[in-house]
Amino acid sequence: MSMSRKERAESGEEQFPQEPVRKRFLISDVTPEGLSLIHAQNKRGLCLWADELSAWFKNFNRYNNGSEEQFWLSVFSAKTTISDRKNAKSPSSSSDRISQLLVLFKRRFSVSWLKVNVPVTDSSTAFCLWCQSATEGSLEWQGTTGEHRTRMECHYWQLIQQEYALNEFGEIEPQILLFTEDAKRRLYEWQHHFSELCDQETNDTIVSIYCKLEIYIIRFCLIIQLARWTCGECGKTYIDLLTVERAIKLTEYFKESALSVQNILNENMLNSQQQAIVNLLPPSFTTAQAIQIAEQNGMKERTFQRFLNDNIGTLFRKEKHGEYSKINPWHLSVLTLFQRKRQ
């Protein structure tokens, strides 16, 4: 660039040298405009990494009252987004190739055992994949050896270095993985069961979570099939039955985690009387048992019946007529323990 045009011609260099493009797979502190440009230069896909969840949320609309929330929701839904800000080098677009696990929430909450303090809205929690321990107590990572880390790095690199074809416009030509017949039947079977859950569910937030999980499970199938391929377990031409079974198991885990988080959000909004009754209810209970506990704590039968019905799918699960259970009841005792410690 420091040469004159004549010098470049004499030395055999390009007359109009192009600025080199940095190859990227990870991004961190980025604006939608910057993300669109980086993605236009790295069309194989990007992963947004945020070391602190709250830091990412705090950066939303940091410069103005923009619409970053809508931007990320569009990314999740594979909708094209166009950036024409004057600071951008050129108009560019971004689609669902970005790996996104979390979205902006508006109402703030703080749950100590989850160690998060982020804005939340009921309408957006469905896009989030929550991870948590399946048993009471702290999470403990057993650690990995240097050999394990080296193998994982090799698997990641193998995924990154996959060959790909370009079409006549120089764009990446997607490779479509079809389901085998038995894998397809199993997936349809699960989807049918999940649709029945949606039809029976009365809580709009839970229904929204279920609908998003039906999108996630397809993505899980692709991720798991390619992960198995890098480990030498299978090919990458089709999505097989084992992959679908593992994707179902993963989806069910995230479903239970999402229900538990909704449980905690609802717990935070209970008054002291409701909180006391919920804590006193056993993991499984009958309507008669619950009414007795409610009356002992000053709540009338009709009021409790309404409270119970309003929280089916969030705090409680209806097993059959007259019999209920708490959704992951150990969370209640853990939450109460932290509340007492704070007090």
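See above for the structure.
Numbering of residues starts from 1 in every chain and runs along the sequence as written. Restriction of local features to residues with pLDDT of at least 70 applies here, the model being predicted, together with a cutoff of 80 or more for giving and counting side-chain atom pairs; totals for whole chains, interfaces and linings are based on all residues. The basis for the side-chain values is all heavy atoms of the structure; hydrogens and waters are excluded.

1. Quick word on the packing of helix H5 (residues 146–160) against helix H7 (residues 204–230)
Move 1: For helices, the axis comes from a line fit to the C-alpha atoms of the stretch in contact; other axes are also lines fit to C-alpha atoms, and the angle between any two N-to-C directions lies between 0 and 180 degrees. Helix and strand definitions here come from DSSP, where helices need a minimum of 4 consecutive H or I residues and strands a minimum of 2 consecutive E residues; each element is numbered from the N-terminal end. The interhelical angle for the contact between H5 and H7, taken along N-to-C directions, is 115°, at an axis separation of 9 Å. For the element pair H5 / H7, the angle class is roughly perpendicular. Here the hand of the crossing between H5 and H7 comes out right-handed. Counted together, His155, Gln158 and Leu159 of H5 and Leu226, Trp229 and Thr230 of H7 form the full contact between these two elements.
Move 2: Side-chain classes are defined by residue name, with Ala, Val, Leu, Ile, Met, Phe, Trp, Tyr, Cys and Pro counting as nonpolar, Asp, Glu, Lys and Arg as charged, and the others, Gly among them, as polar. Broken down by class, the residue content of the contact of H5 with H7 amounts to three nonpolar, three polar and no charged. Roughly parallel here means an angle under 35 degrees, roughly antiparallel means over 145, roughly perpendicular means 65 to 115, and every remaining angle is called oblique. Crossing handedness is read from the near helix: turned anticlockwise from the far helix by less than a right angle, it gives a left-handed crossing, and turned clockwise, a right-handed one. In what follows, a contact means two residues having at least one pair of non-hydrogen atoms within 4.5 Å.

2. A short note on helix H6 (residues 181–200)
Move 1: Take the number of residues in a helix, subtract one, and multiply by 1.5 Å to get its expected span. Taking 1.5 Å of rise per residue, 20 residues should cover 28 Å, and H6 covers 29 Å from first to last C-alpha, within 8% of that figure.
Move 2: Every buried residue of H6 is accounted for by Ala183, Leu187, Trp190, Phe194 and Cys198. Looking straight down H6, one finds that the buried residues subtend no more than 90° of arc, so they occupy a single side. Summarising the geometry of H6, the exposed residues directed more than 90 degrees from the buried face are Arg185, Tyr188, Glu189, His192, Asp199 and Gln200. Partly exposed describes any residue whose relative accessible area lies between the buried limit of under 20% and the exposed limit of over 50%, with all areas from a 1.4 Å probe on protein chains only and scaled to the type maximum. What the arc describes is the spread of directions from the helix axis to the C-beta atoms.

3. What to know about the packing of aromatic side chains
Move 1: Classification of ring pairs rests on two measures: the distance between centres of Phe, Tyr or Trp rings, Trp counted by its six-membered ring, which must be within 6.5 Å, and the angle between planes, read as stacked under 30 degrees, edge-to-face over 60 and tilted in between. This structure, assessed with the given rule, holds nine aromatic pairs.
Move 2: Ring pairs connect the aromatic residues Phe285, Phe304, Phe307, Phe316 and Tyr324, which therefore count as one cluster.
Move 3: Should the NZ of a Lys or the CZ of an Arg lie within 6 Å of a ring centre and within 35 degrees of the ring normal, that charge is described as sitting over the ring. The side chain of Lys236 reaches across the aromatic face of Trp229, ending 4.3 Å from its centre.

4. Observations regarding the nonpolar core
Side chains of nonpolar character tend, in soluble globular proteins, to be buried together.
Move 1: We define the nonpolar core as a collection of buried residues of types Ala, Val, Leu, Ile, Met, Phe, Trp, Tyr and Cys that are connected through side-chain atoms lying within 4.5 Å of one another. Membership of the largest hydrophobic core comes to 28 residues, with the highest contact counts inside it found for Phe179, Tyr210, Leu213, Phe220 and Val244.
Move 2: Elements represented by at least two residues in this core include exactly helix H4 (68–76), H6, H7 and helix H8 (241–268).
Move 3: For Leu213, the contacting residues outside a window of four places in its chain are Leu129, Trp190, Phe194, Thr251, Phe254 and Lys255.
Move 4: Counting residues in each nonpolar core, the second largest holds 17 residues, with Leu270, Leu281, Ala294 and Ile312 among its members.

5. Re the sheet that holds strand S12 (residues 316–320)
Move 1: Here the rule is simple: two strands pair whenever DSSP picks up at least two bridges between them. Read from one edge to the other, the open sheet built from three strands follows the order S11-S13-S12, with strand pairing classed as antiparallel. Of all the strands in the sheet, the pair left with one neighbour each is strand S11 (284–286) and S12. Mean inter-strand twist for the sheet, computed between neighbouring axes without regard to direction, equals 30°.
Move 2: Sheet analysis places S11 next to strand S13 (residues 323–326), joined by three bridges and oriented antiparallel.

6. Here's the deal with the pairing of S13
Each regular strand carries side chains that alternate between the two faces of the sheet.
Move 1: Pairing geometry for S12 and S13, over four bridges, is antiparallel. Bridge pairing links Lys320 to Glu323 in S13.
Move 2: Count of turn residues in the S12/S13 antiparallel hairpin: two residues, of which Gly322 carries a positive phi of about 80°.

7. Comments concerning the state of the cysteines
Move 1: In plain terms, two cysteine sulfur atoms within 2.5 Å form what is called a disulfide here. Evaluated as defined, the whole model comprises zero disulfides.
Move 2: The thiol of Cys211 is unpaired, and the distance to the nearest cysteine sulfur, on Cys198, comes to 4.6 Å.
Move 3: The partly exposed category is assigned to Cys211, whose relative accessible area is 36%.
Move 4: Take Cys231: it sits in no disulfide, and the sulfur closest to it among the cysteines is that of Cys234, at 8.8 Å.

8. Description of the pattern of salt bridges
Move 1: The working definition used for a salt bridge is a side-chain nitrogen of Lys or Arg within 4 Å of a carboxyl oxygen of Asp or Glu. By the definition in use, this model includes nine salt bridges.
Move 2: Close ionic contact of Lys255 with Glu252 constitutes a salt bridge, the shortest N to O distance being 3.1 Å. Here Lys255 pairs with Glu252, and both are found in helix H8, just three residues apart, close to one helical turn.
Move 3: Assessed through its relative accessible area of 24%, Glu252 is described here as partly exposed.
Move 4: For Glu256, the salt bridge goes to Arg317, with nearest N and O atoms at 3.6 Å. Separated by 61 residues along the polypeptide, Glu256 in helix H8 and Arg317 in strand S12 bring together distant segments of the chain.
Move 5: Glu256 sits in the partly exposed class, given a relative accessible area of 26%.
Move 6: Relative accessible area serves as the criterion here: at 29%, Arg317 is assigned to the partly exposed category.
Move 7: Here the salt bridges do not stand alone but share partners, grouping Arg228, Glu233, Asp240 and Arg246 into one network.

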